[in-house]
Amino acid sequence: LEPGSKFTLRLVHPRFLVLDLPGLEAEAGGGHDHLEAWLEDGCWITGTVVDPAGKPVAGVTVTGPVNPYAISSDFGGFAFFTTILGSDDPTVSDALGRFTLGYLKPEDVEIRANGPKHFPKTVNVTGLEAGKEKSGVVIQVEVATAVIEGVVVDQDGKAVAKADVDAWAQGSGVVAETVTDAAGRFRLTEVKSKQAVTVRAAATGLSPGSVKDVALGAKGVRVELKRLGRLV
C-alpha cells in the first residue's frame, strides 16, 4: 500500500455484515500485524429473475440497501464511488436467472432488479434471520420495447453526425441512449419508460438541444442544435 495518513480496512463476506476497521496508521515503512476482527452474522437471499412468461432472465443486477464494494472518497467537496467487484458478481443473474444477494441485516428488506433491457422492479423480502439463507425469491421483470426515431440537425438543417442522444423521463432519469449516424439519424431502442420522454442531443461545437413530451414510438423527432462560435 502507498503511504498516507490513515487507512480503513473493509472486510466483506456475503454471509456476514460488512465490517470496517478505521483509523489504521499508514506511515511509510510501517504496517499492522495480527489484526483481529469479529464478523457479525448477516443474511443472504437467493432467487431467480424471470420474465412475465416465467422464463429466466440473465444479466439483471439485483441490489439491496448496501453495496459493500462501493468505496466513497471525498475530493474537493465531490464524492466519488468506485466499484471493485469483478465480473463474477453473484448479484447479476446468470444464464438460469439465478442470483445471490448477501451482507443483509435480519430485517425486512427492499431489493431492486434492474437490467439493461428491462424496467426496474422492486420487491420486498421478509422473514430474514441472522446466519440463514432466504431462498426461493422470484423477481419478475418486464422487457422495455419502446422505440423512438429521429434526426439531429444544426440551425441550417445540416445533419449532425456522432451526436450523443438520450431519452430522459421524469422520475427515472436517462432511459435510453444512442449516437447519430453519418446522416444525423438516431434510433433509441428499449426505452425504459411508460410515459412521454424528453429527447436530448449534444455534440462537440454545438449547444445542446432537446424536444419535450416525445411519445413512445415516435419516428419523426427533430432535434436542432445551434453551432457555437469558434476562436482560432
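Fair warning: this is a prediction, and the values are worked out from it, not measured in the lab.

How each quantity is defined
- Residues numbered from 1 in each chain as written.
- Predicted model: local features only at pLDDT ≥ 70, side-chain atom pairs only at ≥ 80, totals over all residues.
- Heavy atoms only, no water.
- Helix = DSSP H or I, 4+ residues; strand = E, 2+ residues; numbered from the N terminus.
- Rg over C-alpha atoms; globule rule 2.2 N^0.38 Å.
- Buried < 20%, exposed > 50% of the residue type's maximum accessible area, 1.4 Å probe, protein only.
- Contact = heavy atoms within 4.5 Å.
- Areas by Shrake-Rupley, 256 points an atom, 1.4 Å probe, with all protein chains shown as cover.
- Lys, Arg positive; Asp, Glu negative; His and termini not counted.
- Charge placed at Lys NZ, Arg CZ, Asp CG, Glu CD.
- Phe/Tyr/Trp six-rings, centres within 6.5 Å; stacked < 30°, edge-to-face > 60°.
- Lys NZ or Arg CZ within 6 Å of the ring centre and 35° of its normal.
- Salt bridge = Lys/Arg side-chain N within 4 Å of Asp/Glu carboxyl O.

A.B. asks: Just to check I follow, could you spell out the overall build of the protein chain for this structure?
C.D. replies: A count of helical and extended segments in the protein chain gives zero helices and 17 strands. Taken over C-alpha atoms, the radius of gyration comes to 23 Å for the protein chain, far larger than the 17 Å a tight globule of 232 residues would show. Viewed in the frame of its principal axes, the protein chain has a C-alpha envelope of about 70 × 55 × 25 Å. The buried share of the protein chain, reckoned over its 232 residues, is 31%. Residue pairs at least 24 apart in sequence account for 55% of intrachain contacts in the protein chain once pairs closer than 6 positions are excluded. Just so you have it, the protein chain exposes about 14,600 Å², and 51% of that area is on carbon and sulfur atoms. Within the protein chain, the 29 negative side-chain charges are centred at a point lying 11 Å from the centre of the 24 positive side-chain charges.

A.B. asks: What should I look at first to understand the packing of aromatic side chains in this one?
C.D. replies: What describes a pair of aromatic rings is the distance from one ring centre to the other and the angle between the planes of the rings. Enumeration according to the criterion identifies zero aromatic pairs in this entry. Against the face of Phe119 rests Lys194, its NZ or CZ located 5.2 Å from the ring centre.

A.B. asks: Help me understand the pattern of salt bridges in this model?
C.D. replies: In this structure the tally under the stated criterion is 10 salt bridges. A salt bridge links Asp154 to Arg227; the shortest N-O distance between them is 3.0 Å. Taken together, the positions of Asp154 in strand E11 (residues 146-154) and Arg227 in the segment after strand E17 (221-225) put the pair 73 residues apart, joining distant regions of the chain. Residue Asp154 is classed as buried on the basis of its relative accessible area of 1%.

A.B. asks: Explain unusual backbone geometry to me, please; I cannot follow it from the model alone.
C.D. replies: For residues besides glycine, phi is generally negative; the peptide bonds are generally trans as well. Of note, His34 is a non-glycine position whose phi angle comes to about 60°, a positive value. Mapped onto the elements, His34 comes out in the loop between strand E2 (19-25) and strand E3 (43-50). The phi dihedral of Asp213 is positive, around 50°, even though this residue is not glycine. Note on placement: Asp213 falls in strand E16 (residues 209-214).

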